[in-house]
Amino acid sequence: MSEISAGWVLPVGGAPIEGGLVRFENGRITFVGPGRATRHFDDAVILPGFVNAHSHLEYASYAGFGDGAPFAPWLKLHVERKGRLRPEDMLAVARLGVVESLRSGITTAADYSFSGAAALAAGDLGLRATVYLEVFAADARDAERQWLEKRARVTEGGLVRIGISPHAPYTCSLETYRFCLSLGVPVGTHLAESAHEDEWLLHGSGPLQGIPILVPPTGKRAVETLEPVLGPGLLCAHCVALEPRDVALIADRDVPVAHCPRSNALLGCGIAPLTLLRDAGARVGLGTDSPASTPSFDLFEELRTAIYLARAREGRADALPAAEALRLATIDSARALRLDAEVGTLAPGKRADLTVVSLAGSPYHPVEDPAAAVVFGGSPDRVLETIVDGVTRYRSEDEETWREVRNIASAARLRMLAGAP
Ligand SMILES: [Zn+2]
């Protein structure tokens, strides 16, 4: 049996507890309520670990590549640089991605993985993850070949589940999506990330033109193209370029959505209609995407960006309250991944996945509203400890432990930068 306590406990599924304690045993929570443990964190909040609804752990060292460039040259640079990595480099970078996730209070990730390295890294360093192995194929037989080859490299079990990711409607055919959905494993894709997708699929023109992995135009917009396969079993990242009827379709079909506001803003894709999706009853979670398109796995910054953009887009301050944003990154993301019976709130019976955030010296301390304090005052530098399945996987005071991980990942980045651009 283990227990920790803090100035506040934010269970998310219930009211905040001042002077709260969380007890857990064999990886599951057994008690959440008032109390004080020997291990007590003053001026801090214990909350459920964040559930990151969209990431690419193996792009942890890709920060800044092609920033500001149009899509096609941006993608070309990434593919070129990725080609300079050896398999062991990909694993090193994925390990850095896991450390950075834990350091940001993330305990579960939905990770789309090109090489499969993310599965090894997450299993090894103790991040709960569904790893969706990426396929890019017009022909379902190609998708099957890529799947079998990548699947053979990774193992499932413990904290790691394996799924498949047909990359996007402009790189995979409907036949490929049907193959993926027939496997009985979690399936995730990218959908309507930008208007460029529609331009290619409708007219065979626009900035995507010339990318070698494109499927032929379908004569339909991205959401319409995938309409026959949209359902609760297909996690869709982004969903920015939506028309009102798309929002209704996504909600009616119970399609899980991963909202990635920083990535969408930085790549100039736009602002996803988060409020419309939520008001329609869609199952939306929050994702950081990866440093290939955002500066970091900093989920606190993602929370704040979600709030800034939702309030700016809707033109009202109550468009996304802090407590709702916190739900988005915990229980709502867990619902999107269909893991809400196991994670996403602090409650007896759930997995002991939690994080401790210090608010000492922040403008939100002394605390008036603990949810607002964590969302607006939190940062990875304030994460004191992250626990996954009852095991401490990250402590801020043990930063030295990660020196080797960081050094090896830096060397991999240097390899990518060599021969730049
Ligand atoms: Zn992505």
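Our structure is the block above this text.
To start, this report covers the structure provided alongside it. Note that the structure is predicted; figures quoted are calculated from it, not measured. (Residues numbered from 1 in each chain as written. Predicted model: local features only at pLDDT ≥ 70, side-chain atom pairs only at ≥ 80, totals over all residues. Heavy atoms only, no water.)

**With respect to the sheet that holds strand 1 (residues 2-9)**
Link 1 in the chain: Pairing in this open sheet of seven strands is mixed, and the strands run 3-2-1-4-13-14-15 from one edge to the other. Across the chains shown, the open sheet's two edge strands, defined by having one partner strand only, are strand 3 (28-34) and strand 15 (391-395). Sheet twist, expressed as the average angle between the axes of neighbouring strands with direction ignored, equals 35 degrees.
Link 2 in the chain: Both strand 1 and strand 2 (residues 17-25) contribute to a ladder of seven bridges, which runs antiparallel. Considered in strand 2, the bridge of serine 5 is made with leucine 21.
Link 3 in the chain: Running over the sheet, helix 2 (residues 87-103) touches strand 14 (383-388) and strand 15 and is turned about 110 degrees from strand 14. (Pairing = 2+ DSSP bridges. Helix = DSSP H or I, 4+ residues; strand = E, 2+ residues; numbered from the N terminus. Axes fitted to C-alpha atoms, helices over the stretch in contact; angles between N-to-C directions. Contact = heavy atoms within 4.5 Å.)

**Side note on the packing of helix 11 (residues 299-314) against helix 12 (residues 322-336)**
Link 1 in the chain: Remark: helix 11 packs on helix 12, axes separated minimally by 10 Å, with the N-to-C direction vectors making an angle of 125 degrees. Judged on the interaxial angle alone, helix 12 and helix 11 are oblique. Every pair of crossing elements has a handedness; the one defined by helix 11 and helix 12 is right-handed. Packed against helix 11, whose contacting residues are Leu299, Leu303, Ile307 and Arg311, the element helix 12 presents Ala322, Ala325, Leu326 and Ala329 at the interface.
Link 2 in the chain: The residue inventory of the contact of helix 11 with helix 12, partitioned by class, reads seven nonpolar, no polar and one charged. (Parallel < 35°, antiparallel > 145°, perpendicular 65-115°, else oblique. Left-handed = near helix turned anticlockwise from the far one by under 90°. Nonpolar A, V, L, I, M, F, W, Y, C, P; charged D, E, K, R; others polar.)

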